[in-house]
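# What the coordinates show
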Amino acid sequence: MNTPAAVGDVCPPRRYTHSRLQLFRFSAVSWNSHRIHYDAEFAASEGFSDVVVQSTLHGQTLTRYALEWAGSNACLESVSWRNVTTAVAGEPLTWSATVRTVAPCDSGVRVTLDVSVLRDDGAPCVTGHVDLTCRAARTSPSAEPSRGPATS
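In this text, all values refer to a predicted model and were calculated from it rather than measured experimentally. (Residues numbered from 1 in each chain as written. Predicted model: local features only at pLDDT ≥ 70, side-chain atom pairs only at ≥ 80, totals over all residues. Heavy atoms only, no water.)

Scanning the entire structure with this criterion turns up seven salt bridges. The residue Glu91 makes a salt bridge to Arg119 at a minimum N-O spacing of 2.8 Å. With a gap of 28 residues between them, Glu91 in the loop between β2 (74-83) and β3 (93-105) and Arg119 in strand β4 (residues 108-119) connect regions that are remote in the sequence. Residue Arg119 is classed as partly exposed on the basis of its relative accessible area, which comes to 22%. With a closest N to O distance of 3.0 Å, Asp114 and Arg100 form a salt bridge. (Salt bridge = Lys/Arg side-chain N within 4 Å of Asp/Glu carboxyl O. Helix = DSSP H or I, 4+ residues; strand = E, 2+ residues; numbered from the N terminus. Buried < 20%, exposed > 50% of the residue type's maximum accessible area, 1.4 Å probe, protein only.)

Written out as structure tokens, the structure is:
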């Protein structure tokens, strides 16, 4: 976010897919041992077309792309989401977001985004909100003139 956000601004969408390997690794690091997330045969026996994207990976994706949009001065305040339908490995997905609120706060500006993960047909598989605080840029103390060598 190079310029101040305004209510109604639409963030640039991010297209991506999750691979089977990524879902396997995410299951490992999140201690999620449910086989639908890493075993394609088991997922098929449960009625899925491939291994299933973890709900917590959706939350991570919502957060990561919101922070990337907001820039390096942003700090995550909260994230909440609802899984509407299942996504599977290899399925094209799109992160989208719209600025819901912008309000000044003690440390800068608080921004709330309405976020979603959409399938290729535009149907949402995840909807939610991400709250960020965007801090004002600081001036560097090193920009002040030197007062000589420090002594100890």
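So, on to the pairing of β3. Two elements, strand β1 (residues 14-16) and β3, share three bridges in a ladder whose sense is antiparallel. Directly across from Arg15, in β3, lies its bridge partner Thr94. Where β3 meets β4, twelve bridges bridge the pair, whose relative direction is antiparallel. The residue bridging Leu93 from the neighbouring strand is Arg119, located in β4. If you look at the hairpin formed by β3 and β4, you'll find two residues sitting between the two strands. (Pairing = 2+ DSSP bridges.)

Further remarks concern helix α3 (residues 55-70). The end-to-end C-alpha distance of α3, which contains 16 residues, comes to 23 Å, matching closely the 22 Å that a straight helix rising 1.5 Å per residue would cover. For α3, every residue scored as buried is listed here: Leu57, His58, Gly59, Thr61, Leu62, Thr63, Tyr65, Ala66, Trp69 and Ala70. In this structure, the buried side of α3 is in contact with β1, α1 (20-29), β2, β3, β4 and β5 (124-135). Residue Gly71 follows α3 closely and has a positive phi angle near 100°. (Expected span 1.5 Å × (residues − 1). Contact = heavy atoms within 4.5 Å.)

Turning our eyes to something else, we now look at the nonpolar core. Counting residues in hydrophobic clusters, the biggest one holds 29 residues, and the most contacted among them are Leu62, Trp69, Trp95, Leu113, Val115, Val117 and Leu132. Among the elements of the structure, α1, α3, β3, β4 and β5 are those that each provide at least two residues to this core. Beyond its immediate chain neighbours, meaning those up to four positions away, Val117 contacts Tyr16, His58, Leu62, Leu93, Thr94, Ala123, Pro124, Cys125 and Val126. (Core = buried A, V, L, I, M, F, W, Y, C linked by side-chain atoms within 4.5 Å.)

A separate point is the side chain of His18. With respect to the helices, strands and loops of the structure, His18 is situated in the loop between β1 and α1. Note on His18: relative accessible area 1%, which makes it buried. Side-chain polar atoms of His18 contact the side chain of Gln22, separated by 2.8 Å. Ignoring any residue separated from it by four or fewer positions in sequence, one finds His18 in contact with Leu23, Val53, Leu57, Thr61, Ala89, Gly90 and Leu93. (Polar contact = N/O pair within 3.5 Å; in protein donor to acceptor, adjacent residues only side chain to side chain.)

This part takes up the sheet that holds β2. The antiparallel open sheet is built from five strands, whose spatial order is β1-β3-β4-β5-β2. Since the sheet does not close on itself, it has two edges, and those belong to β1 and β2, each with one partner. Each adjacent strand pair in this sheet contributes to an overall mean axis angle of 20°, direction not counted. Relative to β5, β4 is paired through eleven bridges, and the arrangement is antiparallel. Of the residues in β5, the one forming a bridge with Thr112 is Asp131. (Axes fitted to C-alpha atoms, helices over the stretch in contact; angles between N-to-C directions.)

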